[in-house]
Amino acid sequence: SFCATVASNPLDVIKTRMQQHKQLQKKHQTTGAVPKAPQHTSPSMLSCLQTSLQREGWTVLYKGFVPSFLKMTPYAILSLTLLEKLTQFWTGRDAL
C-alpha cells in the first residue's frame with residue numbers, strides 16, 4: 001500500500017489540479033468574470049506537472065500523501081488477512 005501510494009500520488013495531484021482548472025474555466029465562462037490568478041493555465045498533463053514543479057517544487061507531488069496512505073492501509077490489511085485465511089481454509093496451506 002505504501003509503494004502504491006508513493007507511485008500514484010503524483011498522478012492524483014496533477015489530475016486534481018487539471019480538474020480544478022477546468023471547473024474554474026467553466027465557472028468564469030458562465031459568469032463572465034475574469035479569474036484573478038489560476039493555479040496553472042495548463043492544457044496538458046505534462047505542462048501542468050512542469051508548471052506545478054516550477055511554482056511549488058517537487059514536494060507538491062506528495063500533497064495529500066498521508067490521508068491517501070491512511071485510506072489504503074485498512075484495505076491492504078484486510079485483503080492480505082482474508083487471502084491468507086481463505087487459502088488456509090480451501091487448501092490447508094499458507095498463502096504467503
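Residues numbered from 1 in each chain as written. Predicted model: local features only at pLDDT ≥ 70, side-chain atom pairs only at ≥ 80, totals over all residues. Heavy atoms only, no water.

Draft legend 1. Focus on the overall build of the protein. Within the protein, the secondary structure is distributed over 3 helices and 0 strands. Ordered by position in the sequence, the α and β elements of the protein form the string α-α-α. A total of 96 residues make up the protein; the buried ones form 20% of that total. If you take every contact in the protein between residues at least 6 apart in sequence, the share linking residues at least 24 apart comes to 54%. (Helix = DSSP H or I, 4+ residues; strand = E, 2+ residues; numbered from the N terminus. Buried < 20%, exposed > 50% of the residue type's maximum accessible area, 1.4 Å probe, protein only. Contact = heavy atoms within 4.5 Å.)

Draft legend 2. Representation of the pattern of salt bridges. Inspection of every chain in the model, using the stated rule, returns 2 salt bridges. Put simply, Arg17 and Glu56 hold a salt bridge, and the shortest N to O gap is 2.8 Å. Of the two residues, Arg17 sits in helix 1 (residues 2–31) while Glu56 sits in helix 2 (residues 45–56), which places them 39 residues apart along the sequence. Here Arg17 falls in the buried class, since its relative accessible area comes to 6%. Between Lys63 and Glu56 there is a salt bridge, and its shortest N-O distance comes to 3.0 Å. Classification of Lys63 by relative accessible area gives partly exposed; the value is 48%. Classification of Glu56 as partly exposed rests on a relative accessible area of 32%. (Salt bridge = Lys/Arg side-chain N within 4 Å of Asp/Glu carboxyl O.)

Coordinates in, geometry out; function isn't part of it.
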